[in-house]
Amino acid sequence: MKNETFCILPWVHLATYTDGTGLLCCIAKPGEKRTNLNDQTVDEVRNSDYFKKARLALREGKQFGACSACYKEEAAGLRSHRLHENLFWRNTLGQEQIDKLIEDTKEDGTIDNDVYTVDFRLGNTCNLACVMCRPQDSSKWYKEAKILSGQLKTGAKYEWQHKESVDRDSFEWYKNPKFLESFYEASGEMRQMIFAGGEPLLIKEHKAIIKELVKRGTAKNIKVNYHTNGTIYDTELLELWKHFKRVDLFLSFDGIDRINKYVRYPSLHDTVVSNLKKYNDNAPPNMHFKVLYTVQALNIYYIPEFVKWLLDMNLPRIADYKSKKNIDDIIHTGILHYPQYLSPKIFPPRVKRQITRKLENFILDYGDRINLNSIKGLCALMNEEDHSHLLNQFNDYLENIDELRKLNRKEAFKELDEMGIFKPARREI
């Protein structure tokens, strides 16, 4: 099916938040009436009103509200998650099978087919408290979130009052026997699994799922993707992964040294680099790698330095620019949409012009080594909207982060400080 809104994922996919909330995909908004794997089966979530309404709208060529992130990225000239997934599943299943899935959809949007792909955020257990994260996605944030909700003096305070109010018991939905039974029953046609968290490599139940799929003999048909923070290297998993059709590790790394330490606190640069080298030297042939660089206000300026550093690391399994001609094949620049006060859109026009000029010059100067044209889309997305009214929230938040963590944003991001970005926050509330 070809139209400007269609996405295959509501037919083949199930994603979750860390608390078990069912989603169309990892960047879709949840439904008004939330479904949840804490108390529902896989099939019950996939045939909820949220999923059924999405299928009917997308089949008819209408936009679906939960999918606005993709529409915005496409408007900025970026290759959205929707476009990527449509191409991937057309190549994986074939157009004839996709047409059949759509044709077999019942009048109310219900489907009977097995799930082909899942994106499970297995709870919030994590060893990092990244600056753009929250307690819902990292258990490391619990204590600081409570403090922030009381200390912030701008509109960011209300967001953190919501963030710190979490039901800690809801994050262990993946231990529920009802969920596990329904998952294995619906996974006969499984072709792809995505694990994130939290930090999925810390969660023992994740390893149990991997072992069970190997035991059932279905692992050989499945591609497994991980979003991992790069702080863990597990030799037992390395052996288990050999049984799968393919394993892709998206290694989150958002800057070099001082930048990564601040953004992905308290990640140690040397630990992550050491693990990159271990994976490069020891990973089985079915393993593939990509670095995930989450683009936000604090690191968009430093993309050139990071790209140069990574390509000069001499890690052919991870960053082989000689065989991979496009930077997208080595680094996935995931775009931060929330919280909005950490988006590059908060910068005033003069700063956006400086950043745009730097990135455009980098494309020109370094483009003979690798195709960097996708970076233009990041500039377009940054420049499409003016959110500079949120700059005060940005400063309020980072002032408190510095105090809580004994960090110094002006030292970590010296160049941004020289542009006059960091100013004392004004009280708004």
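Note: the structure precedes this text.
Scope of this entry: the structure provided in the associated data block. Treat the numbers as computed from the prediction; the structure is a model and nothing was measured. (Residues numbered from 1 in each chain as written. Predicted model: local features only at pLDDT ≥ 70, side-chain atom pairs only at ≥ 80, totals over all residues. Heavy atoms only, no water.)

Here's the deal with the overall build of the chain
Summing up its helical and strand segments, the chain has 19 helices and 8 strands in all. What you see for the chain is a C-alpha radius of gyration of 21 Å, in line with the 22 Å of a compact globule of 429 residues. Over its C-alpha atoms, taken along the principal directions, the chain stretches across nearly 60 × 50 × 40 Å. When burial is assessed residue by residue, the chain has 57% of its 429 residues classed as buried. For the chain, long-range pairs separated by at least 24 residues make up 75% of all intrachain contacts whose partners lie at least 6 apart in sequence. Surface exposure of the chain reaches about 18900 Å², of which carbon and sulfur atoms provide 47%. Counting 65 positive and 61 negative side-chain charges, the chain places the averaged centre of each group 3 Å from the other. (Helix = DSSP H or I, 4+ residues; strand = E, 2+ residues; numbered from the N terminus. Rg over C-alpha atoms; globule rule 2.2 N^0.38 Å. Buried < 20%, exposed > 50% of the residue type's maximum accessible area, 1.4 Å probe, protein only. Contact = heavy atoms within 4.5 Å. Areas by Shrake-Rupley, 256 points an atom, 1.4 Å probe, with all protein chains shown as cover. Lys, Arg positive; Asp, Glu negative; His and termini not counted. Charge placed at Lys NZ, Arg CZ, Asp CG, Glu CD.)

Focus: the pattern of salt bridges
One pass over the structure, following the stated rule, counts 26 salt bridges. Across the pair E74 and R82 runs a salt bridge whose closest N-O atoms are separated by 3.0 Å. Note on E74: relative accessible area 22%, which makes it partly exposed. Several salt bridges converge on common partners, so that one network encompasses K207, K211, D234 and E236. (Salt bridge = Lys/Arg side-chain N within 4 Å of Asp/Glu carboxyl O.)

Some remarks on the environment of K153
If you trace the backbone, K153 turns up in the loop between α7 (142-151) and α8 (156-163). Remark: the alpha-carbon pair of K153 and R34, spanning 119 residues in sequence, is separated by 31 Å. Setting aside anything within four residues of it in sequence, one finds K153 in contact with D396, E399, A425, R426, R427, E428 and I429.

Here we look at the pairing of strand β1 (residues 13-16)
Here β1 shows two buried faces, one formed by H13 and A15 and the other by L14 and T16. Across 3 bridges, β1 lies against strand β3 (residues 117-121) in parallel orientation. Looking across to β3, one finds that A15 is bridged to D119. The antiparallel pairing of β1 with strand β2 (residues 22-23) creates a hairpin that spans 5 residues between the two strands, and G20 there sits at a positive phi of about 90 degrees. (Pairing = 2+ DSSP bridges.)

Quick look at unusual backbone geometry
Omega for the peptide link from G197 to G198 comes to 20 degrees, which places this bond in the cis form. Across the junction of Y265 and P266, the peptide omega takes the value -5 degrees, indicating a cis bond. Summarising the element assignment, P266 is placed in the loop between α12 (258-263) and α13 (269-282). With a phi close to 45 degrees, D257 is a non-glycine residue in the positive phi region. For D257, the position within the fold is in the loop between β6 (246-252) and α12. Under the relative-accessibility criterion, D257 is labelled partly exposed at 41%. Of note, K406 is a non-glycine position whose phi angle comes to about 55 degrees, a positive value. With respect to the helices, strands and loops of the structure, K406 is situated in the loop between α17 (391-405) and α18 (409-412).

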